[in-house]
Amino acid sequence: MLRRFTIPLSTVVLALGLLGLAGTASAAPATHSAHPATRTLPGLTGAHAFNPGGVLVKRSTHTVMHDGIRATEVTSNNWSGYATTGSTYKSVSASWTQPTAKCSGNRTTTYAAFWVGLDGYSSDSVEQTGTLIECVGSTAEYAGWYEMYPAALTTYSNTLRPGDAMSASVTFSGTETYTLVLKDATEGWTKTTTVNETGLSRSSAEVITEAPCCTGSGGILPLADFGTVSYSGSSDNGSSMGTQSPTEIIIVDGSGNQEDSTSAISSSGAFSNTWIRST
């Protein structure tokens, strides 16, 4: 049986900070010659290391109609939102309002992550940054983060509140440089991190709501009730995702029951995800 998290994000942030992993406003380039194993967070053991983001866990592919337009829909155990494929991607960006968590108060800890990234749809890496909700009982914790999955995540200690106006981008330049930017316009902070890494395919770009995952045999963590998250300006390689026939993705549980919904995407790259249930 999957062991649930009981450690608030504030504890995680402090622990990461003590290890020197916390992001800085303008971090010096960090070189990753290979993907290290995902680090286990304090109080957890190997199979239960926590990733707020990660690769797509796909279940099935369907054809659906939106306003008379035929589109591809993928069901997944952990992703919902939109992904573009079929090219090599150098940039992805979007904005959203940080959702308010509705924590049930029961003993199960639940999670939801909101991010933009390159890779992960059909590759084993993801270059991503975004925000995270963790519901511990009736208490909601919020944090910003970035992750060069499957390398260890970094969370930010900056204040993040529901209703904050967020924007994020991941940009590749040169032969190995990734710049990950997360901005909270409401609180007035921006985190910019530069990572040098070679050999990543950049075969997809995505704007995603995620049910975070444990590594190994831990499985997908329960999806927190985030209400509705509305994304705007979703774009990649300088063009709106809404003009590129992106793949629509929804989260389903192990029995195929839908956990959230994904709206149609507009030509300007606006869409929303709405929570339905947890596992």
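The preceding data block contains the structure.
Structure report, in brief. This one's a predicted model, so the numbers in the text were calculated from it and none came from an experiment. (Residues numbered from 1 in each chain as written. Predicted model: local features only at pLDDT ≥ 70, side-chain atom pairs only at ≥ 80, totals over all residues. Heavy atoms only, no water.)

Turning to the nonpolar core, a few remarks are in order. When a protein is soluble and globular, its nonpolar side chains tend to lie buried together. Ranked by internal contacts, the top residues of the largest apolar core, which has 41 residues, are Val-92, Trp-96, Phe-114, Val-116, Ile-133 and Val-207. Apart from the residues lying within four places of it in its own chain, the contact partners of Ile-133 are Gln-98, Pro-99, Ala-101, Thr-110, Tyr-111, Ala-112, Phe-114, Glu-141, Tyr-142, Ala-224 and Phe-226. Membership of the second largest hydrophobic core comes to 13 residues, among which are Val-74, Trp-79, Leu-132 and Trp-145. (Core = buried A, V, L, I, M, F, W, Y, C linked by side-chain atoms within 4.5 Å. Buried < 20%, exposed > 50% of the residue type's maximum accessible area, 1.4 Å probe, protein only. Contact = heavy atoms within 4.5 Å.)

Let us look at the pairing of strand β6 (residues 91–97). The side chains of a regular strand alternate between both faces of the sheet. Where β6 meets strand β11 (residues 165–173), seven bridges bridge the pair, whose relative direction is antiparallel. Each bridged residue has a counterpart across the sheet, and for Ser-93 the counterpart in β11 is Ser-169. As judged from the four bridges shared by β6 and strand β16 (residues 228–236), these two strands associate in the antiparallel manner. Directly across from Ser-95, in β16, lies its bridge partner Ser-232. (Pairing = 2+ DSSP bridges. Helix = DSSP H or I, 4+ residues; strand = E, 2+ residues; numbered from the N terminus.)

Below, the discussion takes up the packing of aromatic side chains. Counted under the stated rule, the structure contains seven aromatic pairs. Three or more aromatic residues link up through ring pairs in this structure, and these residues are Tyr-82, Trp-96, Tyr-231 and Phe-271. Lying across the ring of Phe-172, Arg-202 places its NZ or CZ 3.8 Å from the centre. (Phe/Tyr/Trp six-rings, centres within 6.5 Å; stacked < 30°, edge-to-face > 60°. Lys NZ or Arg CZ within 6 Å of the ring centre and 35° of its normal.)

Further remarks concern unusual backbone geometry. Residue Pro-150 follows Tyr-149 across a cis peptide bond; omega there is 10°. Looking at the secondary structure, you find Pro-150 in the loop between β9 (139–149) and β10 (154–155). Not every positive phi belongs to a glycine, and Asn-237 is a case in point at roughly 50°. With respect to the helices, strands and loops of the structure, Asn-237 is situated in the loop between β16 and β17 (239–240). For Asn-237, a relative accessible area of 36% puts it in the partly exposed group.

Turning to the state of the cysteines, a few remarks are in order. Under the defined criterion, the tally for this structure stands at one disulfide. Between the sulfur atoms of Cys-103 and its disulfide mate Cys-135 the distance is 2.1 Å. Torsion about the S-S bond of the Cys-103 and Cys-135 cystine: about -75°, corresponding to left-handed handedness. A residue pair is termed long-range when its members are at least 10 positions apart, and Cys-103 in the loop between β6 and β7 (110–118) and Cys-135 in strand β8 (residues 126–136) qualify at 32 residues. For Cys-135, a relative accessible area of 2% puts it in the buried group. (Disulfide = S-S within 2.5 Å.)

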